[in-house]
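# Architecture at a glance
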Amino acid sequence: MAVFQEFRTFINRGNVVDLAVGIVIGAAFTGIVNSLVQDILTPPIGWVMGGIDFSNYFIDLSGGQYESLAAAQRAGAATVNYGKFLNTLINFLIVSAALFLVVRQINRLHFLEAKKNEAVPTRQEVLLAEIRDALREGRKAG
């Protein structure tokens, strides 16, 4: 029974729910980024590089000649798929940049909120600070 209570306490913590929401949103965001890279960014890069599809770059280790990665995989050839790796690397860089921008904006908003919530000193605090400063100056002069 104690384990159930401990589990319930763990689940009810806000950061666990936030983490779960983050994972779900991250999974959805991954689909968007994959589409952005494969459908929007990779074709122009491939076009600049001579019209070759990035995802079709591979090294055949079996010694055969295959016109595409799909053909090599159908034949069961061992391949090094560096084009797919490049796509994954581009995905990573885009996700990293997007997360950087999101975290940067959130930090900026937190900073602005903290700055807005800074307490304005009361008249009494201002007077006490002035007295303190005057006493310090008096000690230095004397």
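Residues numbered from 1 in each chain as written. Predicted model: local features only at pLDDT ≥ 70, side-chain atom pairs only at ≥ 80, totals over all residues. Heavy atoms only, no water.

In terms of regular secondary structure, the protein is built from five helices and two strands. Moving toward the C terminus, one meets the helices and strands of the protein in the order α-α-β-α-β-α-α. Its C-alpha atoms give the protein a radius of gyration of 30 Å, more than 25% over the compact-globule value 14 Å for 142 residues. For the protein, the C-alpha atoms occupy an extent of roughly 95 × 55 × 25 Å along the three principal directions. Within the protein, the fraction of its 142 residues that count as buried is 13%. A sequence separation of at least 24 residues applies to 38% of the contacts in the protein between residues at least 6 apart. Each charge sign in the protein was given a centre, from 13 positive and 12 negative side chains, and these centres are 9 Å apart. (Helix = DSSP H or I, 4+ residues; strand = E, 2+ residues; numbered from the N terminus. Rg over C-alpha atoms; globule rule 2.2 N^0.38 Å. Buried < 20%, exposed > 50% of the residue type's maximum accessible area, 1.4 Å probe, protein only. Contact = heavy atoms within 4.5 Å. Lys, Arg positive; Asp, Glu negative; His and termini not counted. Charge placed at Lys NZ, Arg CZ, Asp CG, Glu CD.)

A word on the pattern of salt bridges. According to the stated counting rule, one finds one salt bridge in the structure shown. A salt bridge links R132 to D133, with the nearest nitrogen and oxygen atoms 3.2 Å apart. (Salt bridge = Lys/Arg side-chain N within 4 Å of Asp/Glu carboxyl O.)

Let's shift gears to the nonpolar core. Ranked by size, the top nonpolar core spans six residues in total: V33, V37, F54, Y57, I90 and I94. For this core, the secondary structure elements donating two or more residues are α2 (14–48) and α4 (82–116). Filtering out sequence-adjacent residues up to four positions away, V33 remains in contact with N91, I94 and V95. (Core = buried A, V, L, I, M, F, W, Y, C linked by side-chain atoms within 4.5 Å.)

The subject of this paragraph is the side chain of N87. Mapped onto the elements, N87 comes out in helix α4. Look at N87 and you get buried, because its relative accessible area is 7%. Apart from residues no more than four positions distant in its own chain, N87 is found in contact with V37, T42, F54 and S55.

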